[in-house]
Amino acid sequence: MTPSFHPVPRTSSAPSGKIRRPAPAPPCTLPAAAESRPAPTREVECFSCRKNTSVPVTAVSARCGHCSAYIKLDDVILHSRTHRTKVQTCGSVTVQANADLKGLNIECRDLVLYGRASGDFLCRGVCKIKTDQHISGSISARRLVVEKKTTVLVTGVIQVENIWIQGSLEGTLTADETVTIHRHAKFLGDITARRLIIEEGGAHQGSFIRLT
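Residues numbered from 1 in each chain as written. Predicted model: local features only at pLDDT ≥ 70, side-chain atom pairs only at ≥ 80, totals over all residues. Heavy atoms only, no water.

Caption draft 1: Main features of the overall build of the protein. Helices and strands together make up the secondary structure of the protein, namely zero helices and 18 strands. Taken across its 212 residues, the protein has 35% of its residues classed as buried. Across the protein, contacts joining residues at least 24 apart in sequence account for 5% of those joining residues at least 6 apart. By element, 52% of the accessible surface of the protein is carried by carbon and sulfur atoms, the whole surface being about 14000 Å². (Helix = DSSP H or I, 4+ residues; strand = E, 2+ residues; numbered from the N terminus. Buried < 20%, exposed > 50% of the residue type's maximum accessible area, 1.4 Å probe, protein only. Contact = heavy atoms within 4.5 Å. Areas by Shrake-Rupley, 256 points an atom, 1.4 Å probe, with all protein chains shown as cover.)

See the structure below:
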């Protein structure tokens, strides 16, 4: 005899009554864009109008904001085959060891003379002379350094804030601050400065006028 079949009613966990639809998702919003920051700048002096203008720190050239003159900002290397005589840059200038250049007109931040160079040099930073020189011209710098075992003759005026003489220097020197003649170094010529320091073993031949 076949047993009788009794279906079991299925129940749902959903609540009875009206079916509620899910609430719509809120509109997608993008994060607020970061505020653009101005690129860092620096002040440089124009070679033409001598006024300061702001330029990006990463730029290698720019235009003056006053007279639109071209301003070079990167470093320059002068070698033995260099034909240019006038160099104006807000960067540094290096004269390579194999160079022997004359009639130069250099205006820069820092100047390093590994080779021979003659002319007029204007440095807003440091001028370092690392080899024997006979400079037919003038030197103007914030600081002038004559390295050891180096003999330098300057026929023009030397105008600096501070000078360190570690070798031998001859010329006419004006320093707004201090002249330091290191041990075994010497200076031949007249000095006008606020302070003169001669270490033991150093020598000075010439007159000294103290600035007040």
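Caption draft 2: Local environment of the pairing of strand S2 (residues 52-56). Here S2 shows a clear split, with Thr53 and Val55 buried on one side and none of Asn52, Ser54 and Pro56 buried on the other. The pairing of strand S1 (residues 41-45) with S2 spans five bridges and is antiparallel. Considered in S2, the bridge of Thr41 is made with Pro56. Connecting the antiparallel pair S1 and S2 is a turn made up of six residues, with Arg50 showing a positive phi of about 60 degrees. (Pairing = 2+ DSSP bridges.)

Caption draft 3: The nonpolar core, seen in detail. In terms of nonpolar packing, the biggest core is built from 37 residues, with Leu78, Ile106, Leu111, Phe121, Leu169 and Val179 touching the most fellow members. The residues contacting Phe121, other than those within four sequence positions of it, are Leu104, Ile106, Leu111, Leu113, Ile135, Ser138, Ile139 and Ser140. (Core = buried A, V, L, I, M, F, W, Y, C linked by side-chain atoms within 4.5 Å.)

Caption draft 4: Fine view of the packing of aromatic side chains. Following the criterion strictly, the structure yields zero aromatic pairs and no others. Above the face of the Trp164 ring, Arg143 is positioned so that its terminal group lies 4.6 Å from the ring centre. (Phe/Tyr/Trp six-rings, centres within 6.5 Å; stacked < 30°, edge-to-face > 60°. Lys NZ or Arg CZ within 6 Å of the ring centre and 35° of its normal.)

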